[in-house]
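# Report on the structure
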Amino acid sequence: MATWSRLLGVTTALTLAIGVAAGCSSDDSGMTSDGKVAVVASTNVWASVAEAVGGEHADVSALYTSADGDPHEFEANAKDTAKVADAGVVVLNGGHYDAYMESAPKNSDAIVINAFDIMEGDEHSDEHDGNDHDSGHDEGDHSHAPGAVNEHVFYNLTAVGEVANRIANALSEKDPANEQYFRDNAGAFNDQINELHAELAAIKAANPGATVAQTEPLAGYLLAEAGLDDVTPAGLQDAVEAGQSPSARDVAATHELISGRGVRALIYNTQAVDDGTKALLAIADKAGVPVVDLTETFPSGVTNYIDWQRANVEALTSALAASANSTR
Ligand SMILES: [Zn+2]
């Protein structure tokens, strides 16, 4: 995998070199021709956070915008990497979720915001990270085994709120005249994040000790904050996320867990579906275990991070209420 991204990186660099020679690359400012900060994010989820902060003074684009498919498996094309190269601010998930963004060549003045590193408390994550540092940065920082730390940072509301603040810092550096505007927007975004924190606290208060299962560790941070105990065998989640077949033992244990109603809800990632997850869905339906559909990127019709997570939290609240009623 790492070898592949390195090979792709070389191809990309060549493509970009040709682009520069042909004069189709923008200047080095990281600004659009109409004076907005050019921001590129790996997915529409991170782009939405950047839009909430940047508003009318940022030109935000996302590379992965599909409501289907698996963003883990996305591979950037030459057009995508050219966008990264031209951006003044790059917002990425990190933690191997969007490695193509980490390795893509960037404007030497680009500010890179790595959500995973921010969550992990890496103070250097949003420093200037031009091409000079890329090769050293990518290989050394992530010594943990894949799956050891949950990389779905966009389900960690505290980290997302902090990412919004870091985006405000970055945009202010690029466009100092609008610093107050960016800070106000980040503040308003965090007010909405705080409302979601309150809803999760309400779930925790109403469902002490509740257990749930999920088909991959997608919503781990959200569930933890809601006080829900994810009792899915870890081997099953890791296999689904890696696109591999889980062991027969983990599958059997999970089937038993759901059919025996050992969980109050099944959290279902609609963007990592295979025969195994479909079987879990059928068992949950049969056993009367409520299913909460969650996604990695916005479902169609959703364009806003807060709306998306509010709907997710409300779906979780409803599922737990339904299962509480049916077991009493
Ligand atoms: Zn995932």
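Provided above is the structure to which this section pertains.
Figured I'd write up the structure that's included with this text.

Parameters at a glance
Residues numbered from 1 in each chain as written. Predicted model: local features only at pLDDT ≥ 70, side-chain atom pairs only at ≥ 80, totals over all residues. Heavy atoms only, no water. Donors = N, O, S within 2.8 Å, 3.2 Å for Na, K, Ca; no water. Tetrahedral: all angles 85-135°; square planar, octahedral: opposite > 155°, others 65-115°. Buried < 20%, exposed > 50% of the residue type's maximum accessible area, 1.4 Å probe, protein only. Core = buried A, V, L, I, M, F, W, Y, C linked by side-chain atoms within 4.5 Å. Helix = DSSP H or I, 4+ residues; strand = E, 2+ residues; numbered from the N terminus. Domains from an automatic or database assignment. Arc of directions from axis to C-beta. Polar contact = N/O pair within 3.5 Å; in protein donor to acceptor, adjacent residues only side chain to side chain. Axes fitted to C-alpha atoms, helices over the stretch in contact; angles between N-to-C directions. Parallel < 35°, antiparallel > 145°, perpendicular 65-115°, else oblique. Left-handed = near helix turned anticlockwise from the far one by under 90°. Contact = heavy atoms within 4.5 Å. Nonpolar A, V, L, I, M, F, W, Y, C, P; charged D, E, K, R; others polar. Pairing = 2+ DSSP bridges. Phe/Tyr/Trp six-rings, centres within 6.5 Å; stacked < 30°, edge-to-face > 60°.

## Some remarks on the coordination of the zinc ion
The protein atoms that coordinate the zinc ion are His72 (NE2), His152 (NE2), Glu216 (OE) and Glu296 (OE), at distances of 2.0 to 2.3 Å. With four donor atoms in place around the zinc ion and angles of 84 to 135° between them, the coordination shape is irregular. Classification of glutamate 216 as buried rests on a relative accessible area of 1%.

## Thoughts on the nonpolar core
Residues Val39, Trp46, Phe154, Ile167, Leu171, Leu228 and Tyr305 are the most contacted members of the largest nonpolar core, which totals 59 residues. Tallying contributions element by element places helix α7 (residues 157-174) first for this core, with nine residues. Counting contributing residues, this core receives three or more from each of domain 1 (4-192) and domain 2 (198-326). Membership of the second largest hydrophobic core comes to twelve residues, among which are Tyr64, Leu92, Tyr100 and Ala104.

## A short note on helix α3 (residues 78-86)
Along α3, the residues classified as buried are Asp80, Thr81, Val84 and Ala85. Relative to the axis of α3, the buried residues are bounded by an arc of 140° and lie together on one face. For α3, the N-terminal cap is asparagine 77; the gap from its side-chain oxygen to the backbone nitrogen of lysine 79 is 3.0 Å.

## Section: the packing of helix α2 (residues 44-54) against α7
Running from N to C, α2 and α7 point in directions that differ by 55°, and their axes come no closer than 9 Å. Relative to α7, the element α2 lies oblique. In the packing of α2 onto α7, the handedness of the crossing is right-handed. Residues Trp46, Val49, Ala50, Val53 and Gly54 of α2 form the contact with α7, whose participating residues are Val160, Val163, Ala164, Ile167, Ala168 and Leu171. Its residues assigned to classes, the contact of α2 with α7 shows ten nonpolar, one polar and no charged.

## Some points on unusual backbone geometry
The backbone phi angle of histidine 96 is positive, close to 75°, even though this residue is not glycine. One can find histidine 96 in the loop between β3 (89-92) and α4 (99-103). Unlike most non-glycine residues, arginine 261 shows phi in positive territory, near 55°. Structurally, the position occupied by arginine 261 is in the loop between α11 (248-259) and β7 (266-269). Under the relative-accessibility criterion, arginine 261 is labelled partly exposed at 38%.

## Some points on the packing of α7 against helix α8 (residues 179-206)
As a packed pair, α7 and α8 sit with axes 9 Å apart at the nearest point and diverge in direction by 180°. With respect to α8, the axis of α7 lies roughly antiparallel. Where α7 abuts α8, its residues Leu157, Thr158, Val160, Gly161, Ala164, Asn165, Ala168, Asn169, Leu171 and Ser172 lie against Glu179, Phe182, Arg183, Ala186, Phe189, Asn190, Ile193, Leu196, His197 and Leu200. For the contact of α7 with α8, the class distribution of residues is eleven nonpolar, seven polar and two charged.

## Brief notes about the sheet that holds strand β2 (residues 58-64)
Pairing within the open sheet is parallel, and its four strands lie in the order β2-β1-β3-β4. The open sheet is flanked by β2 and β4 (111-114), the only strands paired with a single partner. For this sheet, the mean inter-axis angle between neighbouring strands, taken without regard to orientation, is 20°. When strand β1 (residues 37-43) meets β3, the two strands line up parallel, connected through three bridges. Bridge assignment links valine 40 to a residue of β3, and that residue is valine 90. Contacts from α3 reach β1, β2 and β3 within the one sheet, and its direction differs from that of β2 by about 150°. Each of β1, β2, β3 and β4 is contacted by α7, which is oriented at about 180° to β4, the strand it contacts most.

## Notes on the packing of aromatic side chains
Applying the stated criterion across every chain yields a total of eleven aromatic pairs. Geometrically, the ring pair formed by tyrosine 64 and phenylalanine 74 is edge-to-face, given 5.4 Å between the ring centres and 80° between the ring planes. Pair noted here: tyrosine 64 is in strand β2 and phenylalanine 74 is in the loop between β2 and α3, with a separation of ten residues, a long-range link. Across the pair, exposure class does not vary: tyrosine 64 and phenylalanine 74 are buried alike. Residues phenylalanine 298 and tryptophan 308 carry aromatic rings whose centres are separated by 5.4 Å and whose planes lie at 70° to one another, so their mutual orientation is edge-to-face.

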